[in-house]
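Residues per chain, in single letters:
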Amino acid sequence: MSEEPKKKMEVEEMTPSDVKQVDESTLGITWPDGHESVYPVKLLREKCPCAHCIDEWTGEKKIKPGMIPDSIRPLKIKAVGLYALQFDWNDGHSTGLYPYELLRRLCQCGECKA
């Protein structure tokens, strides 16, 4: 079996079957395996993996605790290929790409946090 079909299958297994705004401060993602993740949007903004939010050389977070207001909200959520989501935030930030693997690791449910 070639490596290409295996890679495609892995990508499809990670691509969410549904992404929805549960309420103004909560995002929900349903994964292909049926798992449902719920995220506080403030947590997602704090975990932005872009170069503006994390120093590319040191890996140090540039976002310090308390920097993100409770009023943070995604204005727009868009899929980037088959591997990530990108948010346009109401604080003007929009450069972060959130790979599906990262989003799954950030799941806040008891099963995933265990």
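Residues numbered from 1 in each chain as written. Predicted model: local features only at pLDDT ≥ 70, side-chain atom pairs only at ≥ 80, totals over all residues. Heavy atoms only, no water.

## Things to note about the side chain of Gln86
- Relative to the helices and strands, Gln86 is located in strand S5 (residues 84-89).
- Overall, the relative accessible area of 17% leaves Gln86 in the buried class.
- For Gln86, the side chain forms a polar contact with the main-chain oxygen of Ser94, separated by 2.7 Å.
- Filtering out sequence-adjacent residues up to four positions away, Gln86 remains in contact with Lys76, Ile77, Lys78, Val80, Ser94, Thr95, Gly96 and Leu97. (Helix = DSSP H or I, 4+ residues; strand = E, 2+ residues; numbered from the N terminus. Buried < 20%, exposed > 50% of the residue type's maximum accessible area, 1.4 Å probe, protein only. Polar contact = N/O pair within 3.5 Å; in protein donor to acceptor, adjacent residues only side chain to side chain. Contact = heavy atoms within 4.5 Å.)

## Looking at the packing of aromatic side chains
- Enumeration over the complete set of coordinates arrives at three aromatic pairs.
- Measuring from centroid to centroid gives 6.3 Å for Trp31 and Tyr100, while their planes differ by 80 degrees, and the two rings are edge-to-face. Of this pair, Trp31 sits in the loop between strand S2 (26-30) and strand S3 (36-40) while Tyr100 sits in helix H3 (residues 100-105), and the two are 69 residues apart along the sequence. With respect to class, Trp31 is no different from Tyr100; both count as buried.
- Measuring from ring centre to ring centre gives 5.0 Å for Phe87 and Tyr98, while their planes differ by 85 degrees; the resulting arrangement is edge-to-face. In this pair, Phe87 is assigned in strand S5 and Tyr98 in strand S6 (residues 97-99), connecting sequence segments 11 residues apart.
- The exposure class of Tyr98 is buried, given its relative accessible area of 0%.
- Of the aromatic side chains, those joined through ring pairs into one cluster are Phe87, Trp89 and Tyr98. (Phe/Tyr/Trp six-rings, centres within 6.5 Å; stacked < 30°, edge-to-face > 60°.)

## Points about the nonpolar core
- In this structure, Ile29, Tyr39, Leu44, Phe87, Trp89, Tyr98 and Leu103 are the most contacted members of the largest nonpolar core, which totals 21 residues.
- Elements with a minimum of two residues in this core: S2, helix H2 (41-46), S5 and H3.
- Discounting residues that sit within four places of it in the chain, Trp89 has contacts with Val41, Leu44, Arg45, Ile72, Arg73, Pro74, Leu75 and Tyr98. (Core = buried A, V, L, I, M, F, W, Y, C linked by side-chain atoms within 4.5 Å.)

## Examining the sheet that holds strand S1 (residues 18-23)
- Strand order across the open sheet formed by three strands is S1-S2-S3, with antiparallel pairing between neighbours. Looking at which strands have only one partner, the edges of the open sheet turn out to be S1 and S3. This sheet shows a mean twist of 25 degrees between the axes of neighbouring strands, independent of strand direction.
- Pairing between S2 and S3: five bridges, direction antiparallel. (Pairing = 2+ DSSP bridges. Axes fitted to C-alpha atoms, helices over the stretch in contact; angles between N-to-C directions.)

## Describing the confidence of the model for the protein chain
- The predicted model of the protein chain averages 89 in pLDDT, with 89% of residues at 70 or higher.
- Note that residues 1-9 has pLDDT below 50 and, in this model, zero contacts with residues that lie over four places away or in other chains. (pLDDT = per-residue confidence, 0-100.)

## Here we look at the sheet that holds S6
- Here we have three strands laid out as an open sheet, ordered S4-S5-S6, and antiparallel in their pairing. The open sheet has two free edges, formed respectively by strand S4 (74-80) and S6, since each of these has just one partner strand. Between one strand axis and the next, the sheet turns through 25 degrees on average, direction left out of account.
- Pairing of S4 with S5 involves six bridges; the strand directions are antiparallel. Paired with Pro74 across the two strands is Trp89, which belongs to S5.

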